[in-house]
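# Structural overview for review
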Amino acid sequence: MSRLLCYTRKPIDNVLYDPKLAYSMHLALQEGELFRPLNHNSGVLFALATENEDGSLNPMSLRNPWVFPLKDGGYGVAAVRVCGDGEDDCTSRGSILLWTTQDLVVYRELGLMKLGEQYVEWVRAAYDGKRNCYLLCWRERSGCCYQALYPLTMMQERILGDGPAAGGCEPLLTCIVDAENGENMLGEIPREPERDFSRQAGNIEGVVPHCVVEIKEHEAWYLQCKLLPPVNVCVETPQEIKIHLDELAREESKSAGEQSKSAGEQNESAGQENESAGQERQRKLVLQVLQKYQAIVRYNDGTFCRKRIDWNLENTDLLRRGSQVIQGEIYRPCFPFPVAYNRADPCVTRWNGRYYFIATNDADENHTLYIREADTLEGLAQAREVLLLDCGTYEGIGGLLWAPEFHEIEGRLYIFHAATPGPFYEEESHIMALREGGNPANREDWSAPRRVVKMDGTDLCQAGKTISLDMTCFFWEGEYYVIWSQRQFLPKDLGAWLYIAKLDAQEPWRLASEPVVLSKPDYGWANNHTFVEEGPYALPVGDMLYVTFSAAAVDTSYVVSYLVIERGKDLLLRENWRKNNYPILTSRSVEGEYGTGHNAYVEDGEGVLWNTYHARPGAEGVRSSGIRRVHFDIDGAPVLDMTEEMDLRETYRQVKTKLVIS
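One structure accompanies this document, and this report is about it.

## Looking at the overall build of the protein
In terms of helices and strands, the protein carries eight helices and 41 strands. The buried share of the protein, reckoned over its 662 residues, is 55%. Considering only intrachain contacts with a sequence separation of at least 6, the fraction spanning at least 24 residues in the protein is 55%. Roughly 29,000 Å² of accessible area belongs to the protein as shown, and the carbon and sulfur atoms make up 46% of that amount.

Below, the structure is given as structure tokens:
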């Protein structure tokens, strides 16, 4: 068994760690004498906001979470719900909030359970196997402590979510107890963490411990795999590479096709190849074989990836028969952060074998869009910028050129971006098309921006009241879709929500279905400093479709999380999607990078997926672009916080093998 600490944190300030982040459930696993925080010492369980009739949200947080095993497996979580910044929530008076989870990673919020009429300060729970009941103990603000036995069926209705959305269930028996002196009427009262728990967790910044629960070893392993970034632990390379030249030559001839019915039909002198040409052909054949061999890079969570090996053949005789030792280096491109200062919302595409980079230009207050072109992904960092769009060329494009993205639709390249005729409150999603055979780095090859409209041709938003931005496009199960961020300001600011609709591939400035609300900023990390969800980008992984998105303000509170849906389900039904309860990229994920967010993905020529994102080099730094490889965890979910050193340790980069040529 392993011991798991459940805790909250003390808020630091509105820059480094806000109350909306601190008042969430955090987890740490015991390693030796101390507990090791998971998820970069960030919360993994947040309370959902409540919603008003007009669609506006009331931020919620939690205090004093308590984890307890359920009878039939999995765990329940009970906590006191408070308002976003920690003040009393009058709608939760006398109640506790319940969740259920099978793996302590994915949680289902069940709603409030009524216990009394006074504010609850803390709650503890346990399953009583002798009486087949759940024992609850809680303390009210008056100082009175209570115990109650709840019948298994009623409690399971709440825990498994089969009962009413909110309310309570009648206990079998309730009594007042003296928790401080240990008087137990109905059963043993689960205790607060003892002092040794606090001592063992003292290495965790801001820790406020609440309980320790024993979990199985495989559950602890799963938590580590999901809530800690993978680390490279070994590399596997071929011990020996055998090359048979005759077989290679035959395969080469077969793939190239026969040039004549028989060699005798050709002039003998013309059919003979000179010695130097034959040697060069042999070198090329050997190199082609070597390029097929890759290193298998393994990680501590059991996952792996394949990486190219750049062989050092300077002192290798590729014409010599026999065996010889060759050395090489595993390819690990280096992208020091940032790759571009004052560039936010970056997006990279690979088009006709070349790479193109585009981003929001913070250097001139978002009045221009520049593009970079390079032969390699690494070359984009030093590539010169070419002006692609400004706010003075086209009528109706007056500024605030935001979040440009490349997307291919039916074989043509487009750029989705946001722009306004002038006022901020008229910001709208636009699209530009590259002409057939055009060069993406040539502004003359792009069409004028065109506003995206609804399926009937009407405006997507009502100018002056609602804005749209950050539109992204993707292809899934035979259909094109777009997801974007939309914010209503009048008559009331509702915050930025994510919307989804089908797209008309023949007229990609036109929706092919009515817009549907996909997600609202209903967790504390999403309504931190402001109510915003934006920057969506699709990432298909097997039978799952992930949509990463950014949330909160564009300061140090900016984070990335995701929505996910299974193949075969209707994307336009909000209930078919699962929203991750916590962010997967924050200011705590990578040292020195703050306000990480608004990311996109690009696959290079070798099939490796890269994440482009922006962050601040320092809490007060400007938004700047970065590039990092995307890994996938044991469930296939994207991992965005694995640094280059975690990806491939320097000590494993140099490799060697025996080359045998016959």
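## Notes on empty space enclosed by the protein
It is the rolling of a water-molecule-sized probe over the atoms that shows where space remains empty. All chains considered together, the criterion is met by five cavities of 30 Å³ or more. Considering only enclosed or pocket space, the largest cavity measures out at about 200 Å³ in volume. Lining the largest cavity are 19 residues, with Lys226, Ile584, Pro638, Val639 and Asp641 positioned closest to its centre. Only α4 (217–227) and β40 (638–639) provide two or more residues apiece to the lining of the largest cavity. No other element matches α4, which puts three residues into the lining of the largest cavity. Looking at the lining of the largest cavity, its residues break down into 13 nonpolar, three polar and three charged.

## Some words on the sheet that holds strand β15 (residues 232–236)
Taken together, the six strands give an open sheet; going across it, the order is β15-β17-β18-β19-β41-β16, and neighbouring strands pair in mixed fashion. A strand with exactly one partner marks an edge of an open sheet, and here the two such strands are β15 and β16 (240–243). Going across the sheet, the axis of each strand differs from the next one's by a mean of 40°, ignoring polarity. Sheet analysis places β16 next to strand β41 (residues 654–661), joined by four bridges and oriented parallel. Across the sheet, the residue bridging to Ile241 is Leu659, located in β41.

## A word on the packing of aromatic side chains
For the coordinates displayed, the defined rule picks out 16 aromatic pairs. Centroid distance Tyr537 to Tyr601: 5.8 Å. Interplanar angle 65°. Geometry classified as edge-to-face. Of this pair, Tyr537 sits in strand β32 (residues 533–541) while Tyr601 sits in strand β36 (residues 593–603), and the two are 64 residues apart along the sequence. Here Tyr537 and Tyr601 have matching classes, each one buried. Among the aromatic residues, those joined into a ring-pair cluster are Trp402, Phe424, Tyr425 and Phe489. Seen from the ring of Trp122, Arg124 lies directly overhead, with NZ or CZ sitting 3.4 Å from the centre. Lying over the aromatic face of Trp476, Arg567 brings its terminal NZ or CZ to 4.3 Å of the ring centre.

## Focus on the environment of Asp364
Tracing the chain through its elements places Asp364 in the loop between β21 (354–361) and β22 (368–374). Owing to a relative accessible area of 26%, Asp364 belongs among the partly exposed residues under this scheme. Asp364 sits 22 residues away from Asn342 along the chain, and the two C-alpha atoms are 9.1 Å apart. In this structure the side chain of Asp364 is engaged in a polar contact, spanning 3.2 Å, whose partner is the backbone nitrogen of Asn366.

## Concerning the layout of surface pockets
Taken as a whole, the largest pocket encloses approximately 640 Å³ of empty space. Around the largest pocket, the lining comprises 24 residues; the ones closest to its centre are His407, Tyr537, Tyr601, Val602 and Glu603. Looking at the lining of the largest pocket, the elements with two or more residues in it are β20 (343–351), β24 (399–409), β28 (466–476), β32 and β36. The residue makeup of the lining of the largest pocket, split by class, is 17 nonpolar, three polar and four charged.

## Considerations on unusual backbone geometry
Following Phe337, the chain continues into Pro338 via a peptide bond in cis, with omega recorded as -5°. For Pro338, the position within the fold is in the loop between β19 (322–330) and β20. A cis amide bond links Leu490 to the next residue, Pro491, at an omega of 0°. Relative to the helices and strands, Pro491 resides in the loop between β29 (479–488) and β30 (495–502). One non-glycine residue, Leu104, adopts positive backbone phi at about 65°. Topologically, Leu104 is positioned in the loop between β8 (95–101) and β9 (107–114). For Asn366, which is not glycine, the phi torsion reads 65° and is therefore positive. Take Asn366: it is sitting in the loop between β21 and β22.

## Brief notes about a nonpolar patch on the surface
On the surface, a cluster of nonpolar side chains totalling about 220 Å² of accessible area is made up of Ile12, Val15 and Leu16. Within the element layout of this structure, Leu16 appears in the loop between β1 (2–9) and α1 (19–22). With a relative accessible area of 40%, Leu16 lands in the partly exposed category.

## What about the pattern of salt bridges?
Two side chains bearing opposite charge may form a pair once their charged atoms approach each other closely. The tally for this structure, following the rule as stated, stands at 40 salt bridges. Here Arg298 makes a salt bridge to Glu236, at a shortest N to O gap of 2.6 Å. With Arg298 in strand β17 (residues 294–299) and Glu236 in strand β15, the pair connects residues that are 62 residues apart, well separated along the chain. With relative accessibility at 27%, the residue Arg298 sits in the partly exposed group. For Glu236, a relative accessible area of 35% corresponds to the partly exposed category. A cluster of three or more residues bridged by salt bridges with shared partners is formed by Glu329, Arg332, Glu645, Arg649, Glu650 and Arg653.

Thresholds, definitions, all that
- Residues numbered from 1 in each chain as written.
- Predicted model: local features only at pLDDT ≥ 70, side-chain atom pairs only at ≥ 80, totals over all residues.
- Heavy atoms only, no water.
- Helix = DSSP H or I, 4+ residues; strand = E, 2+ residues; numbered from the N terminus.
- Buried < 20%, exposed > 50% of the residue type's maximum accessible area, 1.4 Å probe, protein only.
- Contact = heavy atoms within 4.5 Å.
- Areas by Shrake-Rupley, 256 points an atom, 1.4 Å probe, with all protein chains shown as cover.
- 1 Å grid on protein atoms, 1.4 Å probe; cavity = no way out; pocket = protein on both sides within 12 Å on 5 of 7 lines; lining within 4 Å.
- Points joined across faces, edges and corners; volume = space filled by probe spheres on them.
- Nonpolar A, V, L, I, M, F, W, Y, C, P; charged D, E, K, R; others polar.
- Pairing = 2+ DSSP bridges.
- Axes fitted to C-alpha atoms, helices over the stretch in contact; angles between N-to-C directions.
- Phe/Tyr/Trp six-rings, centres within 6.5 Å; stacked < 30°, edge-to-face > 60°.
- Lys NZ or Arg CZ within 6 Å of the ring centre and 35° of its normal.
- Polar contact = N/O pair within 3.5 Å; in protein donor to acceptor, adjacent residues only side chain to side chain.
- Patch = residues over 30% accessible without salt bridge, like charges linked within 9 Å, V, L, I, M, F, W, Y side chains within 5 Å.
- Salt bridge = Lys/Arg side-chain N within 4 Å of Asp/Glu carboxyl O.

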